[in-house]
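Report on the structure
One letter stands for each residue in the lines below.
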Amino acid sequence: MGSLTAQVREGHALPRGFYTEHDVYNADIRDYWNASWIWVGHISQLPEPGDFITFDYGPESVIIARDRDGNLSAFQNVCRHRGSRVCIESAGNARVFSCPYHAWTYELTGKLRRAREMPEGFDPAAHGLLPVHLREFHGMIFVCAANTPPDLDAGLAKLDPLVAPFGLADLTIAHTARYPVPANWKLALENYMECYHCAPAHLDFARSHSIKDPHDLNADLIADLAARSRAIGLPVEEVVQYCAGSASLFFKRYPLFEGYQTGSRTGAPLAPPLGTLTGHDGGATDMQIGLLNNFLIYADHVVGYRFVPTGVQETRIEVVWMVRAGAEAGRDYDMGDLTWLWHVTSMDDERIIRHNQEGVNSHHFHPGPLSEMEWGIRAFYDDYLGRVSP
Amino acid sequence: MGSLTAQVREGHALPRGFYTEHDVYNADIRDYWNASWIWVGHISQLPEPGDFITFDYGPESVIIARDRDGNLSAFQNVCRHRGSRVCIESAGNARVFSCPYHAWTYELTGKLRRAREMPEGFDPAAHGLLPVHLREFHGMIFVCAANTPPDLDAGLAKLDPLVAPFGLADLTIAHTARYPVPANWKLALENYMECYHCAPAHLDFARSHSIKDPHDLNADLIADLAARSRAIGLPVEEVVQYCAGSASLFFKRYPLFEGYQTGSRTGAPLAPPLGTLTGHDGGATDMQIGLLNNFLIYADHVVGYRFVPTGVQETRIEVVWMVRAGAEAGRDYDMGDLTWLWHVTSMDDERIIRHNQEGVNSHHFHPGPLSEMEWGIRAFYDDYLGRVSP
Amino acid sequence: MGSLTAQVREGHALPRGFYTEHDVYNADIRDYWNASWIWVGHISQLPEPGDFITFDYGPESVIIARDRDGNLSAFQNVCRHRGSRVCIESAGNARVFSCPYHAWTYELTGKLRRAREMPEGFDPAAHGLLPVHLREFHGMIFVCAANTPPDLDAGLAKLDPLVAPFGLADLTIAHTARYPVPANWKLALENYMECYHCAPAHLDFARSHSIKDPHDLNADLIADLAARSRAIGLPVEEVVQYCAGSASLFFKRYPLFEGYQTGSRTGAPLAPPLGTLTGHDGGATDMQIGLLNNFLIYADHVVGYRFVPTGVQETRIEVVWMVRAGAEAGRDYDMGDLTWLWHVTSMDDERIIRHNQEGVNSHHFHPGPLSEMEWGIRAFYDDYLGRVSP
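Owing to the predicted nature of the structure, the values given are computational and were not obtained by experimental measurement.

1. Section: helix α3 (residues 22–32) of chain C
Among all positions in α3(C), only C:Val24, C:Tyr25, C:Ala27, C:Asp28, C:Ile29, C:Asp31 and C:Tyr32 are buried. Looking at the buried positions of α3(C), the neighbouring elements they touch are α1 (2–7), α2 (17–20), β3 (60–66), α5 (185–192), β16 (302–311) and α10 (375–387) of chain C.

Here it is in structure tokens:
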């Protein structure tokens, strides 16, 4: 990987090997994913003591559980004995986690409660499930498997007042979709980090959302949106902070095109307004927390995006649609309407990311120069190259 | 692999790389499987001159054939010309083995009989199919592809009198089942070598078979079994000899639970008594010949187990049920009843071995301490680590 | 690969690693395929300006297009921006090639016409699609991705008068078939380069075509064919020139067995005579241009063969049947009759090549001596080993 890094050219795409080699993929999981904060779910998925979810990426699996005291904690889904997955289900309610292999039994906090027939000197206290760091931010759950995770709290504190009116803790998951794509996760993430491709590749998206670079948006349109946002109770402020070490933040609200109150096919509202909002402002907020966790916040729904590695050239694009808690499909929103935009857009993305990987696999791929609109990719490369090493 | 070996901790599971790396898998085939005695079948499969079977493991394939003089021999199923498989069928009767590619033709002993159009100086005698060592033990056929195989004969001589009453040469194969599992072969074998998992994972098995460690079995129960065994004509003796170099032996008879005369669902006999036995004693013998070849011998049937590597994380669990020669399904035994116990147990095993591999794939897998009941795994590690090298 | 090369024995098959290792496969694409002339199609596939085809091998993809001036050119199907495949269809007509990702737009000559939002200093002239060398020879299209391709023109000049009477520029493709085989491309190519296997493996072929080595053909039969060939307007001459550097040539006409006027099931003609031929001579010409491009020329049809790598042990055998332009299936020829011989022969080949790979995968494969009839394989090894290096 040293020689790969030496081939990197500032302002250009990464060389082929970053997207084709097993050793790079292993390093990606070990040095980048296992050391980053990852958005894994929402508190509405585990309201009661004993509720749990698991989240898998690459060869990794993490259990997130609510204990008897109502606290959330996270730990590796790997038995401390001979390594079996402890929890096989992706969600449920448990009294304890009992490994299906040899019945080593762990508390909801990960602590080892019981292991039969162990030799003298065995210390149960040293054999709990390995802890994973966890943060809850307005109901969104983030985990990080590093011993010393990058600082997240300072960033969350900045975002806190901006996010508050959306009432994100008070959401429910309406739908989750998965779009497997035969491509390296970095190509999938890069695709999300630039809208240079939106005009040619996303015709439906481009009907309601500006495909211009944010720097080039018309000042009047921005001012109009700001007025409308304030009118429904939204503070108008942005945070753009790209930095190495996974502490990057992005929070910015954009105007949709005239006639669009939210990210819908017709422009009409899709669901009841979120949080304390009193109506629709025709805007959409791009929120990134770290570089792996992406959210689109409309006045009436939130869409979360993840690009989960499952192999060198296999990625699971996960899209999660969330609406105000209590809203019911068929009564308060229509599921087809709600999911239309980012479903068709994800289908487009699957196709273009796949073709990107096919071309990158060529020995004749020479990484080309990035456009002005691909600054998000530069930020990702800076962070990535600073953290992943052979 | 040197660095992997350095990570091994006495009394603990092996590190992740042993179960995930291609280089280790190649070394496993080359240094362990190709240098071990492997049970490949029973003489009842090739009674007549010209009868043959093939046995495949990893990228290897061996032909076992009975020649015109009635002798069995084994050779590599790899043409000495440009390497084609010579024998495509898994069993049959042949006059000669003629390679389907260029018709190089070999005798039933592997000797090259004919190769057309070869250049001057070509020596047919130097181009027979490569010989593989073969031993027959009470009808069970073992092969070893090493130039100098580990000594097997001394062990077989020890087992000879113990095995004799079962009349193993006089068996017929009732059924063979294959359970492919997406896991490294070592995880499958390790699973077989300990009954620490039997209580939590094998509920059906645990109804009839003790799940205790053999050392902890009640002395009275053992004495009772010994009396019953003698009464039906079985000598009561055990052989436990774990040692490096593939010469390990294990032979021990255990009592089933009260009411169980054999390994059946109801406890009732399944088939006519084997060999010279005069009835059922309610016992089961665990027999291992080397570490790869495992047999369960009840009074009325034998179950053979193999864990055949087919890829880094692909293993074919093969289970072979054998009954007294001449016994007929539907008349002397019921096929569903006969195969029930080890079919359901193998289904359990497939599941737990698969989950074990999933967890072991995690970068967060830290090999944990073995329990008191996992001494069989320690024996396997000793043998394995002494023989497989980079 | 250095150590692999050291294992090569003159006059013997290549060692196992050449057919099993990923590094070798990568080198094969990089050093051999990307530096060889490859037959990719026929001018009848792109008669009009804007017509294009793509040809894929390994991870590579090449676009061949006819521009507004009627000239053919070829270029890499890899966008010069972030590497997407530019052309997704395998054939069609285009005004320009617009990358589906970010709409970088290229002329039919590969020149970059437009790239939006690029930073100052961006030079469009330096970012055209990478050119690929192209030669047209009697309508057959060859490409080579090397910077400096091996000389092809001298060889084509030699073949020119011999090929002329067949009117190869005036063909139409009747049918294309693909036979994927789970084997390394070299085993597929080697299989084509010798007829030592024809007798045992190709019973249908052997009814009409001699399976002897060309050196051993009966002189009278050859003289008879020469007379018949001259009578229908074919010059009788051969070119056999094996040399390193991809400039090898082979062109030789053989007599079919008595009663066979062409490569048909019954011996009867299959289609109208080609070019200026006045009838059928009962012969077949083997033509190789370089070592990768193989043609069988009967008096009434041409069969083209390619063995396209798609993975370490995945090859796509492509067979293309061509007849005189204007000939129509159902009227001038019967499609089933036309394709019968080389369809059944390819099915045989798929099977024997697959079994060859299975045997070669064995650690016990020792490359054996080549027969007298396998001189074509020696020629291939000489060329291959001289060009592929670690």
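So that's the structure; there's more coming.
2. A look at the relation of the copies chain B and chain C
Of the transformation placing chain B onto chain C, the axial shift is 0.0 Å and the rotation is 120°, giving an RMSD of 0.0 Å. The transformation just described matches what one would write down for a three-fold rotation axis. In terms of proximity to the rotation axis, the leading residue of chain B is B:His22, whose C-alpha is 6.6 Å off the axis.

3. Focus: the UniProt feature "domain: Rieske" (unreviewed entry) in chain A
On the UniProt side, "domain: Rieske" (unreviewed entry) is annotated at positions that read residues 37–143 of chain A here. The span residues 37–143 of chain A shows a helical share of 0% and a strand share of 42%, and its end C-alpha atoms are spaced 5 Å apart.

4. Focus on the state of the cysteines
Taken as a whole, this structure holds 3 disulfides over all chains when the rule is applied. The side chain of A:Cys195 participates in a disulfide bridge whose partner is A:Cys198; the two sulfur atoms lie 2.0 Å from each other. Linking A:Cys195 and A:Cys198, the disulfide has an S-S dihedral of approximately -110° and is accordingly described as left-handed. Given a relative accessible area of 21%, A:Cys195 falls into the partly exposed group. Under the relative-accessibility criterion, A:Cys198 is labelled buried at 5%. Free cysteine: A:Cys79, not disulfide-bonded; nearest cysteine sulfur from A:Cys99 at 3.9 Å. With no disulfide of its own, B:Cys87 lies 11 Å from the sulfur of B:Cys99, the closest cysteine sulfur.

5. What to know about the side chain of B:His42
Residues and elements named next belong to chain B. Of note, histidine 42 is situated in strand β1 (residues 38–42). Here histidine 42 falls in the buried class, since its relative accessible area comes to 1%. With sequence-adjacent residues up to four places away left out, histidine 42 is seen in contact with His138, Gly139, Met140, Ile141, Leu168, Ala169, Leu171 and Ile173.

6. Focus on the interface of chain A and chain B
With 30 residues of chain A at the contact, the number on the chain B side is 33 residues. Overall, the association of chain A and chain B removes approximately 2,600 Å² of surface from exposure, summing both partners, and the carbon and sulfur fraction of that is 56%. Per-residue buried area on chain A facing chain B is highest for A:Arg82, A:Tyr101 and A:Glu117; these three make up 29% of the total on that side. Viewed at the interface, chain B and chain A are joined by 4 salt bridges. With a shortest N-O distance of 3.0 Å, A:Arg82 and B:Glu194 are connected by a salt bridge. Here chain A and chain B share 15 residue pairs in polar contact (both at pLDDT 80 or more) between them. Considering each element in turn, the side of chain A that touches chain B owes the most residues, 3 residues, to helix α3 (residues 22–32) of chain A. Considering only residue class, the side of chain A that touches chain B consists of 14 nonpolar, 8 polar and 8 charged.

Parameters and conventions
- Residues numbered from 1 in each chain as written.
- Chains lettered and ligands numbered in written order.
- Predicted model: local features only at pLDDT ≥ 70, side-chain atom pairs only at ≥ 80, totals over all residues.
- Heavy atoms only, no water.
- Buried < 20%, exposed > 50% of the residue type's maximum accessible area, 1.4 Å probe, protein only.
- Helix = DSSP H or I, 4+ residues; strand = E, 2+ residues; numbered from the N terminus.
- Contact = heavy atoms within 4.5 Å.
- Least-squares fit on C-alpha atoms with pLDDT ≥ 70 in both.
- UniProt positions renumbered as here; feature names shortened; annotations may be inferred.
- Disulfide = S-S within 2.5 Å.
- Buried area = accessible area lost by both parts, 1.4 Å probe.
- Salt bridge = Lys/Arg side-chain N within 4 Å of Asp/Glu carboxyl O.
- Polar contact = N/O pair within 3.5 Å; in protein donor to acceptor, adjacent residues only side chain to side chain.
- Nonpolar A, V, L, I, M, F, W, Y, C, P; charged D, E, K, R; others polar.

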